[in-house]
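Spelled out, the chains give:
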Amino acid sequence: MDISFVSILAAAAGGFFGAALGALQAFIFTGFMVLVGVVALIADPNSTILSDVAFGPAFGPHIAFAGGVAAAAYAARKSDLIGKDIVTPLAKFARPDVLLIGAVFGLFGYFVQKLIALIPWFGANTDSVALTVIISAIVVRLIFGKSGLFPKNGTGASGWAAYSPTDKGRWIEGQERFVPNTVLGIFVGLLSAFVAVTLLQALPQLSGNAQTFMFGISAVSLIFLSFGHAVPVTHHITLPAGVAAVTFLPIVGEAWIAMLIGALGGLIGAWFAEFFSRLWLAHGDTHIDPPAAAIWPATTLILGAAAIVTAVS
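Quick caveat, the model's predicted, so the values are computed rather than measured.

**Q** Which parts of the structure should I look at to understand helix H9 (residues 235–252)?
**A** Residues spaced three or four apart along an α-helix point in a common direction, a consequence of the helix completing one turn every 3.6 residues. With 18 residues, H9 should reach 26 Å at 1.5 Å per residue; the first-to-last C-alpha distance of 25 Å fits that figure. Within H9, 14 of the 18 residues are buried, which leaves the element mostly enclosed by the surrounding structure. Directly beyond the C-terminal end of H9, a positive phi value near 80 degrees is found at Gly253.

In structure tokens:
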């Protein structure tokens, strides 16, 4: 396990920063650093900015974003903040205890991600960062929340209808209906797959990282959401799509086939996110992130399918 005291200090600072800035803003900066990291790899294939800064203890979502989520849930018990508010910069409360909760969960995310990565096969064939975000958020719900893990919409409906979005509880209104969400997943996935395949073919030094570029674009696009514009949330689409495209490209040998597989990966991500938004987030009182909940199982399915295809071919 590659753990250093420097990284531990950085994880505490990253979680604190995510809380001070607000979880969403912290994730937007993750997107900026992903783009910087990809450019750095183009200039120097040995650059560690992508792994050590963008997805590491400074801006890694399992640290900065998760720290912001935890601090918001804690702050809601001390103020009139809504516990799943990931936009409000929590420095506004001038309460060191709120920001220190971010630091604590930054450290928690750092160690959990390291442990997940050690799990045989699974650790190397999932998105350990996204899974850590979810584990952290579940712990936060259990400690600070009151709604339980699977809160219903209060309409009295039975079955899956009890989790349907309502005016009092939803994630992203424009993505909650099946057909619009499906179309979004396919075409955003197709775009991400094209970009990933094109970058990989033109810049072989991006092997293993080409799929992150459109993820960075998706994360940066959320700056408009924080300003109140109804832009779609797409990083749970662009990342699985990119992963699917670059993973299957050497297997299928044709860019257009890899792009179609990438579109399928994006579709899976879109479906998963809406499912988990209803199950965990819409009617809960703390934030359990639908995109992170979608990314890790989608990634595992894609990499598992690729391993099976490779083994039987």
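Moving on, there is more to tell.
**Q** How should I be thinking about helix H4 (residues 64–76) in this particular structure?
**A** Helix length check: H4, at 13 residues, gives a terminal C-alpha distance of 18 Å against a target of 18 Å (1.5 Å per residue), a fit within 8%. Inspection of H4 places Ala64, Phe65, Ala66, Gly67, Gly68, Val69, Ala70, Ala71, Ala72, Ala73, Tyr74 and Ala75 among the buried residues, and these make up the whole buried set. Packed against the buried residues of H4 are helix H1 (5–21), helix H2 (23–43), helix H5 (96–117) and helix H6 (128–144).

**Q** Can you walk me through a nonpolar patch on the surface in this structure?
**A** A surface patch of nonpolar side chains, amounting to about 610 Å² of accessible area, comprises Phe178, Val179, Val183, Ile186, Phe187 and Trp271. If one sorts the elements of the nonpolar patch by residue count, helix H7 (residues 178–202) sits on top with 5 residues. Tracing the backbone shows Phe178 in helix H7.

**Q** How do you make sense of unusual backbone geometry when you look at a structure like this?
**A** As a rule of thumb, non-glycine residues mostly have phi less than zero, and peptide bonds are mostly trans rather than cis. Despite not being glycine, Ala94 shows a phi value in the positive range, around 50 degrees. Relative to the helices and strands, Ala94 resides in the loop between H4 and H5. Here Ala94 falls in the exposed class, since its relative accessible area comes to 67%. Positive phi, normally seen in glycine, also occurs at Trp121, with a value near 60 degrees. Tracing the backbone shows Trp121 in the loop between H5 and H6. Judged by relative accessible area, Trp121 falls into the partly exposed class, the value being 48%.

**Q** How should I be thinking about the pattern of salt bridges in this particular structure?
**A** Where charged atoms from two side chains of opposite charge approach closely, those side chains can pair. Evaluated as defined, the whole model comprises 5 salt bridges. Close ionic contact of Arg95 with Asp97 constitutes a salt bridge, the shortest N to O distance being 2.8 Å. The exposure class of Asp97 is partly exposed, given its relative accessible area of 25%. A salt bridge links Arg141 to Asp285; the shortest N-O distance between them is 3.8 Å.

**Q** Sorry if this is basic, but what is going on with the packing of aromatic side chains here?
**A** Geometrically, a pair of aromatic rings is defined through the distance of the ring centres and the angle of the planes. Following the criterion strictly, the structure yields 16 aromatic pairs and no others. Seen from their ring centres, Phe272 and Phe276 are 6.2 Å apart, and the 40 degrees between their planes marks the pair as tilted. Of this pair, Phe272 and Phe276 both sit in helix H10 (residues 255–281), 4 residues apart, which is roughly one turn of that helix. In this structure Phe272 comes out as partly exposed when scored by relative accessible area, which is 23%. A residue is classified by how much of its surface remains accessible, and Phe276, at 13% relative accessible area, is buried. Between the aromatic rings of Phe276 and Trp280, the centroid separation amounts to 5.1 Å while the plane-to-plane angle is 25 degrees, which identifies the pairing as stacked. Of this pair, Phe276 and Trp280 both sit in helix H10, separated by 4 residues, roughly a single helical turn. Through a chain of ring-to-ring contacts, three or more aromatic side chains come together here, namely Trp160, Tyr163, Phe272, Phe275, Phe276 and Trp280.

Definitions and limits used
- Residues numbered from 1 in each chain as written.
- Predicted model: local features only at pLDDT ≥ 70, side-chain atom pairs only at ≥ 80, totals over all residues.
- Heavy atoms only, no water.
- Helix = DSSP H or I, 4+ residues; strand = E, 2+ residues; numbered from the N terminus.
- Expected span 1.5 Å × (residues − 1).
- Buried < 20%, exposed > 50% of the residue type's maximum accessible area, 1.4 Å probe, protein only.
- Contact = heavy atoms within 4.5 Å.
- Patch = residues over 30% accessible without salt bridge, like charges linked within 9 Å, V, L, I, M, F, W, Y side chains within 5 Å.
- Areas by Shrake-Rupley, 256 points an atom, 1.4 Å probe, with all protein chains shown as cover.
- Salt bridge = Lys/Arg side-chain N within 4 Å of Asp/Glu carboxyl O.
- Phe/Tyr/Trp six-rings, centres within 6.5 Å; stacked < 30°, edge-to-face > 60°.

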